[in-house]
Each structure stands twice: as structure tokens, then as C-alpha cells.
Amino acid sequence: MKARLIAVGRAKAGPEAELFRHYNARLRPPLELQELPEGQGSAAEIRRREATAILAAMAPNTLLVAMDLGGKAPTSEALSTLTQRWMEAARPIAFLIGGAEGLDETVLTRAGHLLSLGPLTWPHMLVRGMLAEQLFRAQCIRENHPYHRAWRPG
């Protein structure tokens with residue numbers, strides 16, 4: 001699945017950036033990362049400015065998958081099925097990770113899918129690595145690779 005990751009903020013060297021690099025390198029093909037600068041001003045102004053940059057960074061027919069706490073939190077198997085469907089749609093795909101203030105309503109409305117990593121709040125720099133790992137896991141599930149172990153102890 002050829003896809004982009006559009007993320008607000010610049011990753012600094014450290015474990016979060018390394019986690020993303022590690023799993024992104026395992027994806028075939030890897031995500032194309034585009035980092036956008038963080039907005040300035042009040043929380044609402046920051047979200048508005050970041051939304052403008054996010055929406056300007058992609059073609060109109062792009063399938064946007066916004067990472068959002070209010071989104072659906074599928075199982076890894078369900079995410080594998082979703083990504084397969086997204087690939088078959090033959091549209092450019094962009095995963096979106098907002099900054100510390102989250103994503104503006106204009107981005108959430110434009111998104112074709114809202115995806116959550118669960119009800120916990122995660123640092124947005126850590127979400128990059130967690131998303132890359134889950135996309136790698138989804139790829140392994142589709143390919144019947146043993147990386148994903150579906151069984152659970154009884």
C-alpha cells in the first residue's frame with residue numbers, strides 16, 4: 001500500500017523517531033512522511049492554521065485517514081481488511097496526525113475515515129511509530145506472515 005503520513009511537528013532524534021523509522025522501514029512500500037510546522041496562537045488558531053496546511057498538502061481525491069481519539073479502534077485483523085479495501089479503491093491515501101491541539105473540525109469532516117489507537121491519549125510523536133507498526137502488522141496479516149499471532153491464551 002503506497003501511502004503518505006502527514007504529521008504536524010518535526011520529530012527530534014529519540015526513541016519515538018526511531019520507533020517510526022524501524023517499522024516504516026519494514027513496510028512495503030514505506031510511508032512517505034511529510035512533516036508540517038506546528039501552528040502558533042490560541043488552540044483554535046493553531047488547529048485552523050494546521051488544518052490549512054494539511055488540506056493544502058494533498059490532492060482533492062486523496063483518501064484521508066485521520067488519527068483521532070473519537071475514531072474507530074478496529075482490531076488488527078479489521079485494520080488489515082480496511083487497508084485492503086483502501087488499496088483497492090485506487091486512490092492516494094494519506095494518514096493524518098495532528099499536533100498537540102488535535103485536528104480541526106474541517107480536517108475531521110474531510111476525512112474518509114477516523115482511526116483511533118484506543119481510548120487512551122497518546123503523544124502525537126509516539127502515534128507515528130504505533131501507526132507504522134499497525135500498518136506493518138496489517139500487511140503481515142494480509143500476507144499470512146507469522147509476525148501477527150492471532151491466538152490469545154485461554
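Please refer to the structure placed before this passage.
Residues numbered from 1 in each chain as written. Predicted model: local features only at pLDDT ≥ 70, side-chain atom pairs only at ≥ 80, totals over all residues. Heavy atoms only, no water.

Below, the discussion takes up the sheet that holds strand β1 (residues 3-8). Two orientations exist for strands paired in a sheet by backbone hydrogen bonds: parallel and antiparallel. The sheet built from five strands is open, its strands ordered β2-β1-β4-β3-β5 with parallel pairing. Two strands close off the open sheet at either side, each with one partner strand: β2 (32-36) and β5 (113-115). Neighbour-to-neighbour, the strand axes of the sheet open up by a mean angle of 30°, direction not taken into account. In terms of strand pairing, strand β3 (residues 63-72) meets strand β4 (residues 93-97) through four bridges, oriented parallel. For Leu-63, the partnering residue across the bridge sits in β4 and is Ile-93. On top of the sheet, helix α2 (residues 43-56) reaches β1, β2, β3 and β4; it is set at about 160° to β1, its chief contact. (Pairing = 2+ DSSP bridges. Helix = DSSP H or I, 4+ residues; strand = E, 2+ residues; numbered from the N terminus. Axes fitted to C-alpha atoms, helices over the stretch in contact; angles between N-to-C directions. Contact = heavy atoms within 4.5 Å.)

The next subject is the packing of aromatic side chains. Applying the stated criterion across every chain yields a total of three aromatic pairs. Seen from their ring centres, Tyr-23 and Phe-136 are 6.4 Å apart, and the 45° between their planes marks the pair as tilted. On the criterion of sequence distance, the pair formed by Tyr-23 in helix α1 (residues 15-26) and Phe-136 in helix α5 (residues 124-142) is long-range, its members being 113 residues apart. Its relative accessible area of 15% is what places Tyr-23 among the buried residues. Owing to a relative accessible area of 6%, Phe-136 belongs among the buried residues under this scheme. Judged by centre distance (6.0 Å) and plane angle (65°), the rings of Trp-86 and Phe-95 are edge-to-face. When its relative accessible area of 8% is taken as the criterion, Trp-86 is described as buried. Each member of the aromatic cluster is reached from another via a ring pair, and the members are Tyr-23, Phe-136 and Tyr-147. (Phe/Tyr/Trp six-rings, centres within 6.5 Å; stacked < 30°, edge-to-face > 60°. Buried < 20%, exposed > 50% of the residue type's maximum accessible area, 1.4 Å probe, protein only.)

On inspection of all chains with the given rule, the structure shows seven salt bridges. For the salt bridge of Glu-18 with Arg-21, the shortest nitrogen-to-oxygen distance reads 3.3 Å. Taken together, the residues Glu-18 and Arg-21, both in helix α1 and three residues apart, mark about one turn of the helix. Its salt-bridge partner being Glu-35, residue Arg-128 comes within 2.6 Å of it at the nearest N-O pair. Here Arg-128 is found in helix α5, whereas its partner Glu-35 is found in strand β2, with 93 residues between them in sequence. According to the relative accessible area criterion, Glu-35 is partly exposed, its value standing at 23%. What you see here is one network of salt bridges that share partners, running through Glu-45, Arg-48 and Arg-49. (Salt bridge = Lys/Arg side-chain N within 4 Å of Asp/Glu carboxyl O.)

Next up on the list: unusual backbone geometry. A cis amide bond links Arg-28 to the next residue, Pro-29, at an omega of -10°. Despite not being glycine, Ala-90 has its phi angle at roughly 55°, a positive value. Take Ala-90: its relative accessible area is 69%, and that puts it in the exposed class. Phi at Asn-144 is positive, roughly 55°, even though this residue is not glycine. Mapped onto the fold, Asn-144 is located in the segment after α5.

Time to look at helix α3 (residues 76-88). With 13 residues, α3 should cover 18 Å at 1.5 Å per step; its first-to-last C-alpha distance of 18 Å lies within 8% of that length. Taken together, the buried positions of α3 are occupied by Ser-76, Leu-79, Ser-80, Leu-82, Thr-83 and Trp-86. Here the buried residues of α3 occupy an arc of 165° about the axis, which is enough to place them on one side. Away from its buried face by more than 90 degrees, α3 exposes Arg-85 and Glu-88. (Expected span 1.5 Å × (residues − 1). Arc of directions from axis to C-beta.)

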